[in-house]
Amino acid sequence: MLAAEAELKSLMVAGLAGEKAAYRVLLTALGDVLRRYYSRRVGRDDAEDLVQDALIAIHTRRATYDQGQPFTPWLFAIARYKLLDFLRRKRVRVTVALDEADEIFAEDDSEAAMARRDLETLLSTLPEPTQALIRQVKIEGHSMQEAADKAGRSEVAVRVGIHRGLKTLSDRLRGKELP
Amino acid sequence: MKTDELIENLSETLEPVPRHWVLRQLLEGVGAGALVSFLILWVSMGFRPDLATAIHTSAYWMKFFYTLALALLGFWATERLARPSSKAGWAFLGIALVIFALTVLSGMQLMHAPAAARMPMIMGHSSRVCPWLIIGLSVPIFAGTFWSLQKLAPTRTVLAGTVAGFASGALGAWIYAFRCDETTAPFLLIFFTLGMAVVGLAGGLVARRVLRW
């Protein structure tokens, strides 16, 4: 484990400097580490989703790694954070289904219509293909796979496309952040 | 396997991370907020009229350094807690020591004062408004700090939010100190710290909602 720490850390440092090859090796290794971590804790399909979520989080928040500190605690803090977030979301979904169904159905939808108009305006600032993906998956509720088939792209390309699109939108809403 | 393609995509578009990125993000938000707070104080209340003479008194500098030390230590802790797995133990120890030092000083001032003077020393003449003004002046700093924190990665969200709020409160108190003309240590200890603590509490309360990533 100590050897792994040293190796992962040096790859991470290289990645932070912008070295793509080292970064690719790092993410691949982290994918395996994360897969082992999650498959012991959640079901198989969820595990792979979590691996991808965690990889994206590691990527977008990579600047928060302090090079003076060991790398693996940073890694596992993110892995654990994403796991807890996943478990909480799952619990919330169940709670909504059982306890708050009446409330949701009784809700006035004029606010929703307004939010939808705002969303459309915002969406229209994105490139057309990205718009379509976000619309299908995030609004109409199709699966990533369905959107991928429709667009003739791989599921991962769709996932990344949507992730980038949403990130652009949130950047636009609250000012610029790290690419 | 699909994850491989994700990895390919992420590494293909990799860009180098600037040095001290976390600190810079924080400074951006905190700095912008502090500037707004300072302008608000200047325009709405102004500085204390006797500022020129007050800067020759130790009471003025006690207030100045108490709030500044807590703000710096608080933002140092925030910078640590904005990163997964980082600890902020030294900063917390520093905060405790600063508050302890002022507690000792307050005790000494009260002991040396005649009994009848003690209550007025504690309450000053502005205890009713002081914490409120500190809270109010902290709002822009609080907003700036959380705006920055959203781009970072706190994993102990509530703790990070509380500390970030407390630090914002301390910086707001530092700005308010240019206006406040109270002179005793017990007043500073109780009412300034109270204002900061309330802002810290607010930070902890909104953290779970605002700081998710």
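Our structure's up above, just so we're on the same page.
Engineer: Would you mind showing me how to read the overall build of chain B here?
Structural biologist: When helices and strands are counted, chain B shows nine helices and zero strands. Counting helices and strands in the order they occur from the N terminus, chain B gives α-α-α-α-α-α-α-α-α. For the C-alpha atoms alone, the extent of chain B along its principal axes is close to 80 × 35 × 30 Å. Sequence separation of 24 or more characterises 87% of the internal contacts of chain B that already satisfy a separation of 6 or more.

Engineer: Looking at this model, I keep getting lost on the overall build of chain A. Mind explaining?
Structural biologist: A tally of helices and strands in chain A yields nine helices and zero strands. Mapped in sequence order, the helices and strands of chain A form the string α-α-α-α-α-α-α-α-α. Scored against the burial criterion, the 179 residues of chain A give a buried share of 26%. Considering only intrachain contacts with a sequence separation of at least 6, the fraction spanning at least 24 residues in chain A is 51%.

Engineer: How should the nonpolar core be read in this particular structure?
Structural biologist: Nonpolar side chains tend toward joint burial in soluble globular proteins. All names here are of chain B. Residues Ile134, Ala170 and Tyr176 are the most contacted members of the largest nonpolar core, which totals 54 residues. Elements that contribute at least two residues to this core include exactly helix H2 (21–44), helix H4 (58–81), helix H5 (89–112), helix H7 (130–149), helix H8 (157–176) and helix H9 (185–210). Among the elements that take part in this core, H8 stands out by supplying 11 residues, more than any other. Dropping the residues within four chain positions of it, Tyr176 is found in contact with Leu41, Leu133, Ile134 and Leu137.

Engineer: How should I be thinking about the interface of chain B and chain A in this particular structure?
Structural biologist: Where the parts come together, the accessible area they lose is often given as the size of the interface. On the side of chain A, 36 residues touch chain B, which itself brings 26 residues to the contact. When contributions to the side of chain B that touches chain A are tallied by element, the ones reaching two or more residues are helix H1 (2–12) and H2 of chain B. Counting residues per element, the side of chain B that touches chain A draws most heavily on H1(B), which supplies nine residues. Partitioned by chemical class, the residues of the side of chain B that touches chain A number 14 nonpolar, six polar and six charged.

Engineer: Would you explain the packing of H8(B) against H9(B) in this entry?
Structural biologist: Residues and elements named next belong to chain B. At a closest axis distance of 6 Å, the pairing of H8 and H9 adopts a crossing angle of 145°. The chirality of how H8 crosses H9 is right-handed. The class makeup of the residues in the contact of H8 with H9 is 14 nonpolar, 11 polar and one charged.

Engineer: How do you make sense of the packing of H4(B) against H5(B) when you look at a structure like this?
Structural biologist: In a packed pair of helices, the relevant descriptors are the angle between the two axes and the axis-to-axis distance. All names here are of chain B. Orientation of H4 relative to H5, taken along the N-to-C sense of each, is 165°, at an axis distance of 9 Å. It follows that H4 is roughly antiparallel to H5 by the angle criterion. Of the two elements, H4 crosses H5, and the hand of that crossing is left-handed. Counting all contacts with H4, which are made through Tyr66, Ala69, Leu70, Leu73, Gly74, Trp76, Ala77 and Arg80, the residues of H5 involved are Ala91, Phe92, Gly94, Ile95, Val98 and Leu102.

Engineer: Can you walk me through H2(B) in this structure?
Structural biologist: Two residues of an α-helix separated by three or four positions point the same way, owing to the 3.6 residues in each turn. Residues and elements named next belong to chain B. Over its 24 residues, H2 extends 35 Å from the first C-alpha to the last, a length consistent with the 34 Å expected when each residue adds 1.5 Å. For H2, the elements touching its buried residues are H4, H7 and H8. After H2 finishes, the residue Gly46 shows a positive phi value of roughly 80°.

Engineer: Is there a simple way to think about unusual backbone geometry in this case?
Structural biologist: Of all residues except glycine, most have a negative phi; of all peptide bonds, most are trans. All names here are of chain B. Backbone geometry at His20 places phi at a positive 55°, although glycine is not the residue there. In this fold, His20 is placed in the loop between H1 and H2. Residue classification places His20 among the exposed positions, given that 12 C-beta atoms sit within 10 Å.

Engineer: Can you help me understand helix H3 (residues 44–60) of chain A in this one?
Structural biologist: If you check H3(A), its first and last C-alpha atoms are 25 Å apart, about what 17 residues at 1.5 Å a residue would give, namely 24 Å. For H3(A), the full list of buried residues reads Ala47(A), Leu50(A), Val51(A), Gln52(A), Asp53(A), Ala54(A), Leu55(A), Ile58(A) and His59(A).

Engineer: Looking at this structure, I do not really get the environment of Leu73(B). What am I missing?
Structural biologist: Tracing the backbone shows Leu73(B) in helix H4. Each residue touching Leu73(B), except ones within four places of it in the same chain, is listed here: Ala91(B), Gly94(B), Ile95(B) and Val98(B).

What counts and what doesn't
- Residues numbered from 1 in each chain as written.
- Chains lettered and ligands numbered in written order.
- Predicted model: local features only at pLDDT ≥ 70, side-chain atom pairs only at ≥ 80, totals over all residues.
- Helix = DSSP H or I, 4+ residues; strand = E, 2+ residues; numbered from the N terminus.
- Contact = placed C-beta atoms within 7 Å.
- Buried ≥ 20, exposed ≤ 12 C-beta atoms within 10 Å, placed from the backbone.
- Core = buried A, V, L, I, M, F, W, Y, C linked by C-beta atoms within 7 Å.
- Nonpolar A, V, L, I, M, F, W, Y, C, P; charged D, E, K, R; others polar.
- Axes fitted to C-alpha atoms, helices over the stretch in contact; angles between N-to-C directions.
- Left-handed = near helix turned anticlockwise from the far one by under 90°.
- Parallel < 35°, antiparallel > 145°, perpendicular 65-115°, else oblique.
- Expected span 1.5 Å × (residues − 1).

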